[in-house]
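Letter by letter, the chains look like this.
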Amino acid sequence: MAQAADEPPTGGAAVARNDFSIDSEQLGLGASLQRLVFRKGTDLGAAPALLGLISLTLLFGLSADRFISKGNFANLLTQATWLMLLAVAVTFVLLLGEIDLSAGYTAGLCVVVTAYLLAPPHNVTPWVAIPAGFVVGATIGVITGLLVARVGIPAFVVTLAFFMTWQGVVLIIAKDGGTIPITNDLIIAFVNRSMRPLFGWILLVLIAGGYLVSALRKAQLRTRNGLPAELRSLILIKAGMLALGWGAMTYVLNQNRAFAGATAPLEGVPIAVPVVVAIVVTLHFLLERTSWGRHVYAVGGNVEAARRAGISVTWIKMSCFIMCGLVACVAGLALGSQLNSVSPQTGGNDTLLRAVGAAVIGGVSLFGGRGKLIYPIIGGLVVAMIDNGLGLLGTVAQIDFTASGPRFIVQGLVLLFAATIDALSRKRSVG
Amino acid sequence: MSPAKDDAPILAIRGANKSFGAIHVLHDVDFAVYPGQVTALVGDNGAGKSTLVKCISGVYSFDGADVEFAGNPVTISGPRDAAHLGIEVVYQDLALCDNLDIVQNMFLGRERRTGATLDESSMEKLARNTLADLSVRTVKSVRQSVASLSGGQRQTVAIAKAVLWDSKVVLLDEPTAALGVAQTRNVLDLVRKMADQGLGVVIISHNMNDVFEVADRIVALYLGRVAAEVRTTESTRAQVVELITSGRSGDLGLARADQVQI
């Protein structure tokens, strides 16, 4: 068949012109690496956010005294925990091409309910109080999902209404202006405690080993089916890099970071790290390897096509809102753990906006259908790093970066920048 | 076409009626699809082509009709029924997800699984084989996202998606409307190829060049009635255009308007 009009002529002798050339040809290591770096397509993914993370580290590392230190590294990770989790929660809704403005107060309401049950005079066991928070999160997801998917109210309006509603409920439970202290060890430990150094190394083995095994298995399966597979040497290189990077992180965190003269050593990977890793790996698996995940992307990409393919759009939307509520509950627990208490402000103010910002900065598209679960993690780190770095920067050129004003302005501009990249890359892929 | 090629129709619809409120869209329509043949469904805007296709694909249901599939009476009461019989539709807007790749689109809603996880290798292999069977030689990788494909390639993927499911009847709604010359050529070749493989193919088109190039028989609809069913080899473009615009042409077609009882 005459194909000349269909395809622009491809240049370079290295480009094979056969049919399905990319699918059928087994690449060498050099070519594989080349393809890895210069991936085709318009989806930039997390590349801008990763670049931002590196340049921020350099920028703050050079200008703020204590930015690169053992203590601040652990601090940064724990400060980012709730943000990363809430950004992951919101990502499920963003993937649909919807928005959830109430996710911040969903997180707040979940943890307020848990704290309320734990505190005297109720003194409910944590084995009931914590699941109760998750039930609240899931219920909010069901209600929001029904109103959006079944009744057909725009998510923007539904969640705006619930933003007010859940805030009111939090106010009533926490009694205007009052705070409920959290004394439960389990919740306190979540963000504030670290694992023993040995467990940090075990986590490293689990992560690098897990990646190696799953990548090798996938390659083996493809080879058995007669499809070209990722080179074993490339898999080993990737796993090695992961082990090296994660190992360096573990090594730094396993050093004693307590102030001089402290009575007990402060060392180890924060407990929040394995919790976040476990949640992200599980949800990533659901999104990438199951039909449910495939259908989530389909609904976000083209609702009508999904409906005609026999996918229950209502169920997919509802399940995403439920997932958002459940993960928001974990984010709420992280917030409560960080503050050792909950108040009517928990989950309020700029909580949600920063989470959405983190997801978008990480590379999740606001237009739906594009984004992986690692993106909100990277984006969350960027936003947390801006906050943390500016706080340590102090006053530069007569601007006090520790004050809220300049910090909000910087964060706003970074978010705007990320949204611009999203819109431009979408325009390029459509046009 | 030799008459010997007219086997029993794979899909036969007799006396189909469909109204939307007071508007009677289909009047006693008889329509048949033969295996190994391309049937063109032509007619002016509002003649009822799309309604007929949507009734066949189960999006709408007939108010009354005798539907036979492979000789057995059937009722189609939803898209799943139609898909179950082996009737696939390629819509004009193609219904593809831009953010998914070719394999993911072709298996959308009917993914192959091993246990709870997706069986990517077997889907990829099958998608590639189906495209190869259709002599599609344009795509470099079936793992390319659909957003990166040209209009003709997207049409090809949509058609391959319809063929993948061991289908018996494929209906194409205006498959060449948005395409350039070379791409139209490819799609028409593809339509012919599907019929040669034994499928019953229905193509809706406004383009007489396409119709006369690829179709074996032409069914002309006029204001919700079948004006005539003709063989491509035994008719001329002028005749078909007349059937479309006035419902009759010489001896062919509906009775004169002044003789019709309304």
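Keep in mind that this is a model prediction, so the values were computed, not measured. (Residues numbered from 1 in each chain as written. Chains lettered and ligands numbered in written order. Predicted model: local features only at pLDDT ≥ 70, side-chain atom pairs only at ≥ 80, totals over all residues.)

Let's talk about the overall build of chain A
Formally: We count a stretch as a helix when DSSP gives it H or I for four or more residues in a row; a strand needs E for two or more, and each element gets its number in order from the N terminus. Exposure in this text rests on C-beta crowding, where 20 or more other C-beta atoms within 10 Å of a residue's own make it buried, 12 or fewer make it exposed, and counts in between make it partly exposed. The C-beta atoms are placed from the backbone. C-beta atoms are first placed from the backbone for all residues, and any pair lying within 7 Å is then listed as a contact.
Scanning chain A from N- to C-terminus turns up 17 helices and four strands. Classification of the 431 residues of chain A by burial places 39% in the buried group. Pairs at least 24 apart in sequence give 75% of the contacts found in chain A among residues at least 6 apart.

Topic: the overall build of chain B
Helix and strand counts for chain B stand at eight helices and 14 strands. Projected onto the principal axes, the alpha-carbon positions of chain B cover approximately 65 × 35 × 35 Å. In chain B, which comprises 262 residues, the proportion classed as buried is 49%. Within chain B, contacts between residues separated by at least 24 positions form 65% of all contacts whose residues are at least 6 apart in sequence.

Considering helix α6 (residues 181–196) of chain B
Residues and elements named next belong to chain B. We apply this condition: Given a helix with a known number of residues, its expected span is that number minus one, times 1.5 Å.
The end-to-end C-alpha distance of α6, which contains 16 residues, comes to 23 Å, matching closely the 22 Å that a straight helix rising 1.5 Å per residue would cover. Along α6, the positions that sit buried rather than exposed are Gln183, Thr184, Asn186, Val187, Leu188, Leu190, Val191, Met194 and Ala195. Buried-residue contacts for α6 involve β3 (38–43), α5 (151–163), β9 (169–173), β10 (200–204) and α7 (208–214). Just beyond α6, the residue with positive phi is Gly198, at close to 100 degrees.

Topic: the domain arrangement of chain A
Residues and elements named next belong to chain A. Here is the rule we go by: The split of the chain into domains comes from an automatic or database domain assignment. Nonpolar residues are Ala, Val, Leu, Ile, Met, Phe, Trp, Tyr, Cys and Pro. Charged residues are Asp, Glu, Lys and Arg, and all others, Gly as well, are polar.
By the assigned domains, chain A splits into domain 1 (42–193 + 270–430) and domain 2 (194–269). Contacts between the two partners involve ten residues from domain 1, matched on the other side by nine residues from domain 2. Per element, the largest residue contribution to the side of domain 1 that touches domain 2 is four residues, and it comes from helix α4 (residues 70–95). Residues belonging to the side of domain 1 that touches domain 2 are distributed by class as follows: seven nonpolar, one polar and two charged.

Let's talk about the pairing of strand β11 (residues 217–222) of chain B
Residues and elements named next belong to chain B. The line we're drawing: Two strands make a pair as long as DSSP finds a minimum of two bridges between them.
In terms of burial, β11 is a largely internal element, six of the six residues being buried. Both faces of β11 are covered, namely the face carrying Arg217, Val219 and Leu221 and the face carrying Ile218, Ala220 and Tyr222. Relative to strand β12 (residues 225–231), β11 runs antiparallel, the two sharing six bridges. In the strand pairing of β12, Ile218 is matched with Val230. In this antiparallel pair of consecutive strands, β11 and β12, the connection spans two residues, and Leu223 shows a positive phi of 50 degrees.

Looking at the environment of A:Ala359
Residues and elements named next belong to chain A. Inspection of the secondary structure puts Ala359 in helix α15 (residues 351–362). You can call Ala359 buried: it has 34 C-beta atoms within 10 Å. Between the alpha carbons of Ala359 and Leu415 there is a distance of 9.7 Å; along the sequence they are 56 residues apart. Those residues in contact with Ala359 that sit more than four places away from it in its chain are Ala87, Val90, Thr91, Leu94, Val364, Tyr375, Pro376 and Gly379.

A look at the interface of chain B and chain A
Across the boundary between the two partners, chain B contributes 41 residues, which contact 35 residues of chain A. Its residues assigned to classes, the side of chain B that touches chain A shows twelve nonpolar, 17 polar and twelve charged.

Describing the packing of α4(A) against helix α5 (residues 103–118) of chain A
Residue and element names in this part refer to chain A. We apply this condition: Fitting a line to C-alpha atoms yields each axis, with helices limited to the stretch in contact; the angle taken between N-to-C directions then spans 0 to 180 degrees. Working rule for angles: under 35 degrees goes down as roughly parallel, over 145 as roughly antiparallel, 65 to 115 as roughly perpendicular, anything else as oblique. Whether a crossing is left-handed or right-handed is set by the direction in which the near helix is turned from the far one by less than a right angle, anticlockwise for left-handed and clockwise for right-handed.
Remark: α4 packs on α5, axes separated minimally by 10 Å, with the N-to-C direction vectors making an angle of 125 degrees. For the element pair α4 / α5, the angle class is oblique. The chirality of how α4 crosses α5 is right-handed. On α5, the residues that touch Leu86, Ala89 and Val90 of α4 are Ala103, Gly104 and Ala107. Tallied by class, residues from the contact of α4 with α5 come to five nonpolar, one polar and no charged.

Some remarks on the pairing of strand β6 (residues 87–90) of chain B
Residue and element names in this part refer to chain B. The alternating pattern of β6 places Ile87 and Val89 on one face and Glu88 and Val90 on the opposite face, and all of these are buried. Here β6 pairs with β9 via four bridges, running parallel. Residue pairing for β9: Ile87 is matched across the bridge by Val169.

Examining the sheet that holds β3(B)
Residue and element names in this part refer to chain B. What the six strands build is an open sheet, ordered β6-β9-β10-β3-β11-β12; its pairing is mixed. The sheet is open, and its two borders are formed by β6 and β12, each paired with just one other strand. Neighbour to neighbour, the strand axes of the sheet diverge by 20 degrees on average, direction disregarded. Sheet analysis places β3 next to β11, joined by five bridges and oriented parallel.

Re the sheet that holds strand β5 (residues 72–73) of chain B
Residue and element names in this part refer to chain B. One open sheet holds the four strands; their spatial order is β2-β1-β4-β5, and the pairing between them is antiparallel. In the strand order of this sheet, the two ends are held by β2 (23–33) and β5, each with one partner. Taken together, the seven bridges between strand β1 (residues 11–20) and β2 define a ladder with antiparallel strand orientation. Paired with Leu11 across the bridge in β2 is Val33. Strands β1 and β2 of the sheet are contacted by helix α1 (residues 49–56), whose axis makes an angle of about 65 degrees with β2.

Here we look at the environment of A:Ala115
Along the chain, the position of A:Ala115 falls in helix α5. Along the sequence, A:Ala115 and A:Ile399 sit 284 residues apart, while their C-alpha atoms lie 39 Å from each other.

Considering the environment of A:Asp422
Residue and element names in this part refer to chain A. If you trace the backbone, Asp422 turns up in helix α17 (residues 404–430). On the neighbour-count criterion, Asp422 (21 C-beta atoms within 10 Å) is buried. For Asp422 and Arg370, which are 52 residues apart along the polypeptide, the C-alpha to C-alpha distance reads 9.9 Å. When near neighbours in sequence (up to four residues on either side) are disregarded, Asp422 contacts Val360, Ser365 and Leu366.

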